[in-house]
Amino acid sequence: MTKTTVSAARLQADQVSRVARKFASDKGDALGMTKTVVFAEKVLLVMRRNWSGFRELLDAWITHGGSTAEGIYGSITRYRPANSLIGVLRRDSDMEIMAPYHIQTDIEFPGKEFVQRELIPACRRTQMLQRPASARRSIVADGQLILLEWLLLPHKTQKNSAWCIAYVEIGFLLRVTHAYPSFDAADRGLLQMLVEGYQTKEIALRIGLSHRTVEHRFEKLKSRMGARSLPHLVALSIGREVSGVPVAQSPSVADSDGRHRV
């Protein structure tokens, strides 16, 4: 290692230590806080936005991580995006949704399988490790393909962690089904051109078929996939490939508002 590299490393370490001393309640906490600051910066590498609930929450957690959960997530509740939710897992309790997902949709979210199988175990691990965790994931749960990012923030304490905040932003939700229609080369060619933005008339010209013939092929594909329209067919086809299982039309379910437990 060259002298320049060593100097740069020492400068970065000094900067991290200064931040740690600023936020630590006493000198004894400074070392642990140094690890927290370094890890926090790694967490934020996953988040690509200039402003986001992720950074706001993480800043609040670094500053007030030993206070109440409400004191940390409360600062972004009013300004959070509609495709997000905030949940709190408390010791010996179920996950409580404090700020629900508000996108208008016929899909009920979050479902019990997602919360019990994915979110709660991840929060428990975060509490055990006593440091934040982030992930960008594609999850199949509750009959849905869920494309999401989450940030999990544990209660910082020397004793057992009393709570964990889960901040989740949803990209898309799609229903999955056990039916798995097969696509031949012609089907995949039509879907690929549709994904690239071509209209049915343009596709017909490119492959040398009549417009009506191409429309008929798409109607058959829509019927097999349970799609209501060509944009829906594109979404379901992409979802099928991403999830590894087929995606189908979602049934209508009532939207839920306010706090609820899962």
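Just so you know, these numbers come straight off a predicted model, no measurement behind them.

1. Here we look at the overall build of the protein
Next, step 1: Within the protein, the secondary structure is distributed over 9 helices and 7 strands.
Next, step 2: Across the 262 residues in the protein, those meeting the buried criterion constitute 42%.
Next, step 3: Here the contacts in the protein between residues at least 6 apart in sequence split such that 59% fall between residues at least 24 apart.
Next, step 4: By element, 52% of the accessible surface of the protein is carried by carbon and sulfur atoms, the whole surface being about 14700 Å².

2. Concerning unusual backbone geometry
Next, step 1: Put simply, Phe-109 and Pro-110 share a cis peptide bond, and its omega is 0 degrees.
Next, step 2: Its place among the elements puts Pro-110 in the loop between β2 (95–99) and α5 (112–129).
Next, step 3: In the Ramachandran plot, Asp-92 falls in the positive-phi region, its phi being about 55 degrees despite a non-glycine side chain.
Next, step 4: Structurally, Asp-92 is set in the loop between β1 (84–90) and β2.
Next, step 5: Residue class for Asp-92 comes out exposed when judged on its relative accessible area of 75%.
Next, step 6: Even without being glycine, Asp-142 reaches a positive phi, approximately 55 degrees.

3. Describing the pattern of salt bridges
Next, step 1: Counting across every chain of the model gives 8 salt bridges.
Next, step 2: The residue Glu-70 makes a salt bridge to Arg-90 at a minimum N-O spacing of 2.6 Å. Note that Glu-70 is positioned in helix α4 (residues 69–73) and Arg-90 in strand β1, a separation of 20 residues in sequence.
Next, step 3: When its relative accessible area of 35% is taken as the criterion, Glu-70 is described as partly exposed.

4. Description of the environment of Val-234
Next, step 1: Inspection of the secondary structure puts Val-234 in helix α9 (residues 230–243).
Next, step 2: It is 6.2 Å that separates the C-alpha atoms of Val-234 and Val-195, two residues lying 39 residues apart in sequence.

5. Digging into a nonpolar patch on the surface
Next, step 1: Among the surface-exposed residues, Val-195, Ile-238 and Val-242 lie close enough to one another that they form a single nonpolar patch of about 230 Å² accessible area.
Next, step 2: Along the chain, Ile-238 falls in helix α9.

6. Description of helix α3 (residues 53–64)
Next, step 1: An ideal rise of 1.5 Å per residue puts 16 Å on 12 residues; α3 measures up with 16 Å between its terminal C-alpha atoms.
Next, step 2: Turning to α3, its buried residues number three or more, namely Gly-53, Phe-54, Leu-57, Leu-58, Ala-60, Trp-61 and Ile-62.

7. A closer look at the packing of helix α7 (residues 200–207) against helix α8 (residues 211–225)
Next, step 1: The contact between α7 and α8 brings their axes to 8 Å, and the two run at 110 degrees. Considering their axes alone, α7 and α8 lie roughly perpendicular with respect to each other. Judged by the twist between their axes, the crossing of α7 over α8 is right-handed. Judged by residue contacts, Thr-200, Lys-201, Ile-203, Ala-204 and Ile-207 of α7 engage His-211, Val-214, Glu-215 and Phe-218 from α8.

8. Notes on the nonpolar core
Next, step 1: Formed by 25 residues in total, the largest nonpolar core has its most connected members in Met-95, Phe-114 and Trp-150.
Next, step 2: At the level of elements, β1, β2, α5, β3 (133–141), β4 (144–154) and β5 (163–176) are the ones that each hand at least two residues to this core.
Next, step 3: Per element, the largest residue contribution to this core is 6 residues, and it comes from α5.
Next, step 4: Contacts of Phe-114, omitting those with residues within four sequence positions, involve Phe-109, Leu-119, Ile-139, Ala-141, Asp-142, Ile-146, Leu-148 and Trp-150.
Next, step 5: Formed by 19 residues, the second largest nonpolar core is a distinct cluster that contains Leu-58, Ile-62, Ala-69 and Ile-86.

9. Looking at the packing of helix α6 (residues 185–195) against α8
Next, step 1: Where α6 meets α8, the closest approach of the two axes is 11 Å, and the angle between their N-to-C directions is 95 degrees. When the axis of α6 is compared with that of α8, the two are roughly perpendicular. Taking contact as the criterion, the partners of Ala-186, Asp-187, Leu-190, Leu-191 and Leu-194 in α6 are, on α8, Val-214, Arg-217, Phe-218, Leu-221 and Arg-224.
Next, step 2: A class-by-class count of the residues in the contact of α6 with α8 yields 7 nonpolar, no polar and 3 charged.

Conventions adopted
- The numbers attached to residues start from 1 for each chain and follow its sequence in the written order.
- Note on the predicted model: pLDDT of at least 70 is required for a residue's local features to be given, and 80 or more for side-chain atom pairs to be given and counted; whole-chain, interface and lining totals, by contrast, use all residues.
- With hydrogens and water set aside, each side-chain value is computed from the structure's full complement of heavy atoms.
- The numbering of helices and of strands both runs from the N terminus, where a helix is a DSSP run of H or I of at least 4 residues and a strand a run of E of at least 2.
- The rule is simple: take the accessible area with a 1.4 Å probe, protein chains only, and divide by the maximum for that residue type; under 20% is buried, over 50% is exposed, in between is partly exposed.
- A contact between two residues is defined here by any heavy atoms of the two lying within 4.5 Å.
- Reported accessibility uses the Shrake-Rupley method at a 1.4 Å probe radius. Residues are deemed covered only where the shown protein chains occlude them.
- In what follows, salt bridge is the name for a side-chain nitrogen of Lys or Arg lying within 4 Å of a carboxyl oxygen of Asp or Glu.
- What goes into a patch is any residue over 30% in relative accessible area without a salt bridge, connected to like charges within 9 Å or, for nonpolar side chains (Val, Leu, Ile, Met, Phe, Trp, Tyr), within 5 Å.
- By this rule the span expected of a helix is its residue count minus one, scaled by 1.5 Å.
- In this analysis, axes come from line fits to C-alpha atoms, helices being fitted only over the stretch in contact, and the angle between any two N-to-C directions falls in the range 0 to 180 degrees.
- Oblique is the label for any angle not under 35 degrees, not over 145, and not in the 65 to 115 range, which are roughly parallel, roughly antiparallel and roughly perpendicular in turn.
- For any helix crossing, the convention is left-handed if the near helix is rotated counterclockwise from the far helix by under a right angle, and right-handed if that rotation is clockwise.
- What we call a nonpolar core is a set of buried Ala, Val, Leu, Ile, Met, Phe, Trp, Tyr and Cys residues that are connected through their side-chain atoms within 4.5 Å.
- Note on residue classes: Ala, Val, Leu, Ile, Met, Phe, Trp, Tyr, Cys and Pro are nonpolar, Asp, Glu, Lys and Arg are charged, and everything else, Gly too, is polar.

Just geometry here; none of it tells us what the structure is for.
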